[in-house]
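Here's the letter readout for the chains.
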Amino acid sequence: MSHNNQRTLIVGAGIIGLSIGWELARSGGRVDLFDAGEAGGGASQVAAGMLAPDAELEFEETELHALNAESRRRWPSFAADLEADTGTDVGLRTEGTFIVADDRDAAEALRRRYRFQQDQGLDVEWWSGDEARARESFLAPGLSAAIWSPRDHQVDNRAVVEALQAGVRKHQGRLHENTPIKAVEPDARRPAVVTAAGERVEGDTVVVAAGAWSRSIDGLDGALPIRPVKGEAMVLSTTPTFDLRHVVRGPEAYVVPKNDGRVVVGATAEEKGFNDDVTAGGLYENLEGGWEVVPGLLDLAVDCTCASFRPASRDNAPVLGPAAPGVVAATGHYRHGVLLTPVTAQEIARYVQTGTLSDWVEPFQPARFDTVSSDIARA
Ligand code: GLY
């Protein structure tokens, strides 16, 4: 792996595959992207586009938080480059995020989260419900407490995938939609992909960015232990009088106002395989959870409901780097696919071009699961 004009075959044209393709194509690489459906679909559409490493910090995930925060740091210049290259506004908004509690139990849990965030040195503030409501009038009256997270932002993920497709095409990248990949054939010099229709395509590198479907591709001997975690969401249409400015995260749901008038309310987290039904229970959970923290959303028209699958690895962290000879993984982004797009695109593109793995990616290599398997076998 060394030259910028090498041919890279990317399996999966969601936000991760497209962003890697765009990075490679705009620096002179030859890129073919394959998607089982339409480019930019699936989780890239259903996501709410939150760029919120501080709000989404989990107790056991400090190493992942460092990667998430680095990617958030890269988002403004990534968005500016993409907008300049394609002329598409990607709706990056920097108003910050409220994490709120609606009763005493939720306030206790929020307090524990706040202490942990403080221990990690994050830029967050503890506010009363009334203080939060003075800043964001669409918050529910009577909230128990809030964390103000001024550095957690959002982007319009649907606009991003539109822009990325335009960028890939502008730089002569080729998008093969409705072309499922059945298998990859690892090889250090000429790896290949095989389509479901039986066509074999060779390149210099194969990148697997197939999200929740990464595990179902033959030829990788279980190197990508990815499972689907279903998320159901609903999209409402704002009105002239509904002027929610901030991302609001409640105990049961988040509410995210977008520049184009959509308000995304989500999302369930269900481990039930690949059933993508939007269920009555999912709608109820999202609506009740959203209403508890932003009651005004009950007056909004329902634009659409949707469901897709977060790709989660065994440790819920992304899977980045060499997976087999000539094959590179860029998958397993779980709850952080949109957030992790810049760092994934830039570091995986660099690896494809130079063979050098950056310190950012090093802890997240697929090989970490080999160690787990052999430890279990030895025990
Ligand atoms: N990061 C938001 C979600 O996974 O629902």
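In the block above lies the structure referred to throughout.
Treat the numbers as computed from the prediction; the structure is a model and nothing was measured.

Caption draft 1: Molecular detail of the overall build of the protein chain. Within the protein chain, the regular secondary structure consists of nine helices and 19 strands. Over its C-alpha trace the protein chain gives a radius of gyration of 21 Å, about what one expects of a compact globule, namely 21 Å for 379 residues. Seen along its three principal axes, the alpha-carbon backbone of the protein chain occupies a region of about 65 × 50 × 40 Å. Split into buried and exposed, the 379 residues of the protein chain put 56% on the buried side. Here the contacts in the protein chain between residues at least 6 apart in sequence split such that 74% fall between residues at least 24 apart. Just so you have it, the protein chain exposes about 15,800 Å², and 47% of that area is on carbon and sulfur atoms. Each charge sign in the protein chain was given a centre, from 37 positive and 56 negative side chains, and these centres are 3 Å apart.

Caption draft 2: Representation of the side chain of Asn-157. On the secondary structure map, Asn-157 appears in helix H6 (residues 157-170). Not counting chain neighbours up to four residues away, the residues in contact with Asn-157 comprise Ser-44, Gln-45, Ala-47, Ala-48, Gly-49, Lys-258 and Val-338.

Caption draft 3: Highlighting the sheet that holds strand E5 (residues 125-128). Reading across from one edge, E5-E6-E4-E14-E15-E16-E13-E17 is the order of the eight strands in this open sheet, with mixed pairing throughout. Two strands in the sheet have a free side with no partner beyond their single neighbour: E5 and strand E17 (301-312). Strand-to-strand twist in this sheet, taken as the mean axis angle between neighbours without regard to direction, amounts to 20°. Inspection of the sheet shows strand E13 (residues 227-237) paired to strand E16 (residues 262-266) by five bridges, in the antiparallel sense. Looking at the pairing, Ser-237 lines up with Arg-262 of E16. With respect to the sheet, helix H4 (residues 104-119) is in contact with strand E4 (97-101), E5 and strand E6 (145-149), its orientation differing from that of E6 by roughly 30°.

Rules used in this analysis
Residues numbered from 1 in each chain as written. Predicted model: local features only at pLDDT ≥ 70, side-chain atom pairs only at ≥ 80, totals over all residues. Heavy atoms only, no water. Helix = DSSP H or I, 4+ residues; strand = E, 2+ residues; numbered from the N terminus. Rg over C-alpha atoms; globule rule 2.2 N^0.38 Å. Buried < 20%, exposed > 50% of the residue type's maximum accessible area, 1.4 Å probe, protein only. Contact = heavy atoms within 4.5 Å. Areas by Shrake-Rupley, 256 points an atom, 1.4 Å probe, with all protein chains shown as cover. Lys, Arg positive; Asp, Glu negative; His and termini not counted. Charge placed at Lys NZ, Arg CZ, Asp CG, Glu CD. Pairing = 2+ DSSP bridges. Axes fitted to C-alpha atoms, helices over the stretch in contact; angles between N-to-C directions.

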